Amino acid sequence: MSSLHHPSQNHLLGLLTKDAFEPFASALELVQLKLGDVLYESGGQLQHVYFPTTAIVSLHYVTQAGDSTETAGVGNEGLVGISLFMGGDTTPSSAVVQTAGHAYRLERHLMKRQFDCDGTVKALFLRYTQALIAQTAQTAVCNRHHSLHQQLCRWLLLTVDRIPSGELVMTQELIASMLGVRREGVTEAAGNLQRSGFIRYRRGHIEVLDRHGLETQTCECYGVVRSELVRLLPPNLALT
């Protein structure tokens, strides 16, 4: 594997013991994920699980009218495709690349076999699944009860947690789609954050300048999601 890329850059893979990781080692395929790539569609059978290292994948629910909202995001803390080992094989959501980067891909049959046969793998991936469910539930609460300003701060913090540079390549249209709101609302909220000195926005790039400031502006949902990940998984897996 390239010296620039290693499976341990994904925290779940990095937590596996040497014996637990060995069956994965030769089967993991490094893939480049481009912005907007669809990893799976709603109702389609999943063929792979993905372990992001530098990419971020957005899990969306799409209505019959074509509207969509992000239900959760997955970065280097987790994996995309939990339905493969949870017994469903398909899911009503879709998975779309939100931030371009790399991931390791694993064929579905090997994933299911190792999950069923290795208790270490099963325990770790089930704990992550619970953390992902908590994120999905908290997103629903946030979208219903908190202001767009707070939602945007939560989303920015969760996203920048997964990007070491702290700079997002992201249009306001895409953010509006993630949050399920109008673009004009995102424009206003982002403008307020920029005038306060918390972020800098230019031509599809968002740079977080004052992380602490964002934390003072967001609702409790960000802290709940972060705390649950820390509670369910070892400290070195927690978002930093």
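Please read these numbers as outputs of a predicted model, since none were measured by experiment. (Residues numbered from 1 in each chain as written. Predicted model: local features only at pLDDT ≥ 70, side-chain atom pairs only at ≥ 80, totals over all residues. Heavy atoms only, no water.)

As a further point, take the side chain of S58. Mapping S58 onto the fold places it in strand β4 (residues 56–62). Among the residues examined, S58 registers a relative accessible area of 0% and is labelled buried. A polar contact of 2.9 Å, which involves the side chain of S58, links it to the side chain of H60. At 2.7 Å, the side chain of S58 and the side chain of E70 are in polar contact. Ignoring anything within four residues of it in the chain, the contact list for S58 reads E70, A72, S94, A95, V96, Q98 and M178. (Helix = DSSP H or I, 4+ residues; strand = E, 2+ residues; numbered from the N terminus. Buried < 20%, exposed > 50% of the residue type's maximum accessible area, 1.4 Å probe, protein only. Polar contact = N/O pair within 3.5 Å; in protein donor to acceptor, adjacent residues only side chain to side chain. Contact = heavy atoms within 4.5 Å.)

Sheet strands pair by backbone hydrogen bonding; their relative direction is either parallel or antiparallel. The 4 strands lie next to each other as β2-β6-β4-β5, forming an open sheet whose pairing is antiparallel. Each edge of the open sheet carries a strand with a single partner, namely β2 (38–40) and β5 (68–74). With strand direction ignored, the average angle separating the axes of adjacent strands in the sheet is 35°. Inspection of the sheet shows β2 paired to strand β6 (residues 93–99) by 2 bridges, in the antiparallel sense. (Pairing = 2+ DSSP bridges. Axes fitted to C-alpha atoms, helices over the stretch in contact; angles between N-to-C directions.)

A separate point is the sheet that holds strand β10 (residues 205–208). Spatial strand order, β8-β10-β9: 3 strands in an open sheet with antiparallel pairing. Each edge of the sheet is formed by a strand with only one pairing partner; in this case those strands are β8 (167–169) and β9 (199–202). Sheet twist, expressed as the mean angle between neighbouring strand axes with direction ignored, is 15°. Judged from the 4 bridges that link them, β9 and β10 form a sheet pairing that is antiparallel. Each bridged residue has a counterpart across the sheet, and for R200 the counterpart in β10 is E207.

With the rule as written, the count across this model stands at 9 salt bridges. A salt bridge links E29 to R105; the shortest N-O distance between them is 2.8 Å. In this pair, E29 is assigned in strand β1 (residues 29–33) and R105 in strand β7 (residues 101–107), connecting sequence segments 76 residues apart. Given a relative accessible area of 38%, E29 falls into the partly exposed group. Judged by its relative accessible area of 22%, R105 is partly exposed. The salt bridge partner of E215 is R211, with a shortest N-O separation of 3.2 Å. With a gap of 4 residues between them, E215 and R211 both fall in helix α9 (residues 211–217), about one helical turn apart. Given the relative accessible area of 34%, E215 is considered partly exposed. Where salt bridges share partners, they join D161, R211, E215 and R226 into one cluster. (Salt bridge = Lys/Arg side-chain N within 4 Å of Asp/Glu carboxyl O.)

So, about the environment of L209. Its location among the elements puts L209 in the loop between β10 and α9. The class of L209 is partly exposed, set by a relative accessible area of 42%. Along the sequence, L209 and L157 sit 52 residues apart, while their C-alpha atoms lie 12 Å from each other. The residues touching L209, leaving out its near neighbours within four places in the chain, are G197, F198, I199 and R200.

Working note: regular strand, side chains alternate between the two faces of the sheet. Among the 7 residues in β4, 5 count as buried, and that is most of the element. Alignment of β4 against β5, held across 6 bridges, turns out to be antiparallel. For V62, the partnering residue across the bridge sits in β5 and is S68. In this structure, the hairpin formed by β4 and β5 is closed by a connection of 5 residues, where G66 is found at a positive phi of approximately 95°.

Glancing now at the packing of aromatic side chains. Here the structure, examined in full by the defined rule, presents 3 aromatic pairs. Residues F85 and F115 carry aromatic rings whose centres are separated by 4.7 Å and whose planes lie at 25° to one another, so their mutual orientation is stacked. In this pair, F85 sits in helix α3 (residues 83–86) while F115 sits in helix α4 (residues 108–117), placing the two residues 30 residues apart along the sequence. In this structure F85 comes out as buried when scored by relative accessible area, which is 7%. Residue F115 is classed as buried on the basis of its relative accessible area of 6%. Both rings, one in F85 and one in F125, keep their centres 5.8 Å apart while their planes meet at 35°; by these two values the pair is tilted. Of the two residues, F85 is situated in helix α3 and F125 in helix α5 (residues 119–145); the sequence distance between them amounts to 40 residues. Residue classification places F125 among the buried residues on the basis of a relative accessible area of 0%. Ring-pair connections join several aromatic residues into one group, and the members of that group are F51, F85, F115 and F125. (Phe/Tyr/Trp six-rings, centres within 6.5 Å; stacked < 30°, edge-to-face > 60°.)

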